[in-house]
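Below, each chain spelled out in residue letters.
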Amino acid sequence: SALKMGFEDALGAQPPLGFWDPLGLLKDADQERFDRLRTVETKHGRISMLAILGHLVTTAGYRVPLGPNEVKTGLAVFDTLPTAGIAVTVATIGAIELGFASVKEEIEAKCEEDYPDFTVDRRKAVELNNGRAAQMGILALMVHEKLDNNPYIINSLLGAPVAFN
């Protein structure tokens, strides 16, 4: 079964789901495969956390000061973003991708020094959960934006709609 693969006690296997692999990606997998997928999950979680932050900040009206910023927010940005903006975005992502590996150990050491009361496992579990929540959150924002151009539907339901594009 998808739940009996030898990783039931791995970090991130938390109630109520425990270890959850509905697609069977780890069926007959070794530790190296598990570690690779966990690294990818962590990276996607970090990207999603930044995406949520970016979505909120741009919806509030803030833009990167790189000339005229007549761009829309959310997914509509791809219709209005100038080529230079796309180039800056790709360069930033590339720098993060290439640079993170070279400073990973220093970042982890700084976290251990600054937050000694959090164990390494607890920090990693919190990051995994926050990343998982952010992945679901940015997906929900994109879906609602495409459905009715209202990604912040909860605000509308509470009587405080957010002007969006």
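Below: a short report on this structure. These numbers were taken from a predicted model, which means no experiment stands behind them.

Comments concerning the overall build of the protein
When helices and strands are tallied, the protein shows five helices and zero strands. Computed over C-alpha atoms, the radius of gyration of the protein comes to 19 Å, more than 25% over the 15 Å expected from 2.2 N^0.38 for 165 residues, which places it beyond the range of a compact globule. Within the span of the protein, comprising 165 residues, buried residues form 20% of the whole. In the protein, the share of contacts with a sequence separation of at least 24, taken over all contacts with a separation of at least 6, comes to 52%. Roughly 11700 Å² of accessible area belongs to the protein as shown, and the carbon and sulfur atoms make up 64% of that amount. Side chains of the protein carry 16 positive and 22 negative charges; the gap between the two charge centres is 3 Å.

Some details on the packing of aromatic side chains
Here a ring pair, both rings aromatic, is described through the centre-centre distance and the interplanar angle of the planes. Using the criterion set out here, one finds three aromatic pairs in the structure. Ring geometry for Phe7 against Phe19: centres 6.2 Å apart, planes inclined by 40°, an arrangement best described as tilted. Here Phe7 is found in the segment before helix H1 (31-59), whereas its partner Phe19 is found in the segment before H1, with 12 residues between them in sequence. When sorted by exposure, Phe7 lands in the same class as Phe19, which is buried. For the pair Phe7 and Phe34, a centre-to-centre distance of 4.4 Å together with 10° between the ring planes defines the contact as stacked. With Phe7 in the segment before H1 and Phe34 in helix H1, this residue pair connects regions lying 27 residues apart in the sequence.

Structural notes on the layout of surface pockets
Taken as a whole, the second largest pocket spans an internal volume of roughly 790 Å³. For the second largest pocket, the lining is made up of 25 residues, of which Trp20, Asp21, Pro22, Glu41 and Arg132 are closest to its centre. For the lining of the second largest pocket, the leading source of residues is H1, giving five residues. A class-by-class count of the residues in the lining of the second largest pocket yields 15 nonpolar, six polar and four charged.

Some remarks on helix H4 (residues 120-148)
For H4, with 29 residues, the first-to-last C-alpha span of 42 Å sits near the 42 Å given by 1.5 Å per residue. Those residues of H4 that fall on the buried side of the exposure criterion are Arg123, Ala125, Leu128, Gly131, Ala134, Ile138, Leu141 and Glu145. As for H4, its buried residues are in contact with H1 and helix H3 (83-114). Of the residues flanking the end of H4, it is Asn149, one or two places downstream, whose phi is positive at about 55°.

Thoughts on the side chain of Thr73
Along the polypeptide, Thr73 turns up in the loop between H1 and helix H2 (77-80). Exposure remark for Thr73: the relative accessible area of 7% places this residue in the buried category. Those residues in contact with Thr73, other than ones at most four positions away along the chain, are Thr58, Thr59, Arg63, Glu145, Phe164 and Asn165.

Rules behind the numbers
- Each chain has its residues counted from 1, following the order in which its sequence is written.
- Only residues with pLDDT of at least 70 get local features here, since the model is predicted, and only at 80 or more are side-chain atom pairs given and counted; chain-wide, interface and lining totals rely on the full set of residues.
- The side-chain values count all of the structure's non-hydrogen atoms but skip hydrogen atoms and water molecules.
- Only DSSP runs of H or I with at least four residues qualify as helices, and only runs of E with at least two residues qualify as strands; both kinds are numbered from the N terminus onward.
- This radius of gyration counts C-alpha atoms alone. The globule rule is 2.2 Å times how many residues there are, raised to the power 0.38.
- The classification of residues rests on relative accessible area computed with a 1.4 Å probe and restricted to protein chains. Under 20% of the type maximum is buried, over 50% is exposed, and intermediate values are partly exposed.
- We call two residues contacting when some pair of their heavy atoms lies within 4.5 Å.
- Surface accessibility in these figures is a Shrake-Rupley result with a 1.4 Å probe; residues are shielded only by whichever protein chains are displayed.
- When charges are counted, Lys and Arg contribute as positive and Asp and Glu as negative, whereas His and the chain ends are disregarded.
- Note on charges: their place is set at NZ of Lys, CZ of Arg, CG of Asp or CD of Glu.
- Aromatic rings from Phe, Tyr and Trp, taking only the six-membered ring of Trp, are treated as a pair when their centres fall within 6.5 Å; an angle between ring planes under 30 degrees marks them as stacked, one over 60 as edge-to-face, and anything in between as tilted.
- Both site types are read off a 1 Å grid over the protein atoms alone. A 1.4 Å probe that fits but cannot get out defines a cavity, while an open set with protein on both sides within 12 Å along at least five of seven lines defines a pocket; lining residues have an atom within 4 Å of a point.
- Grid points are joined across faces, edges and corners, and a volume is the space filled by probe spheres set on the points.
- Throughout, the ten residues Ala, Val, Leu, Ile, Met, Phe, Trp, Tyr, Cys and Pro are labelled nonpolar, Asp, Glu, Lys and Arg are labelled charged, and all others, Gly among them, are labelled polar.
- Helices are assigned an expected span. That span is 1.5 Å times one less than the residue count.

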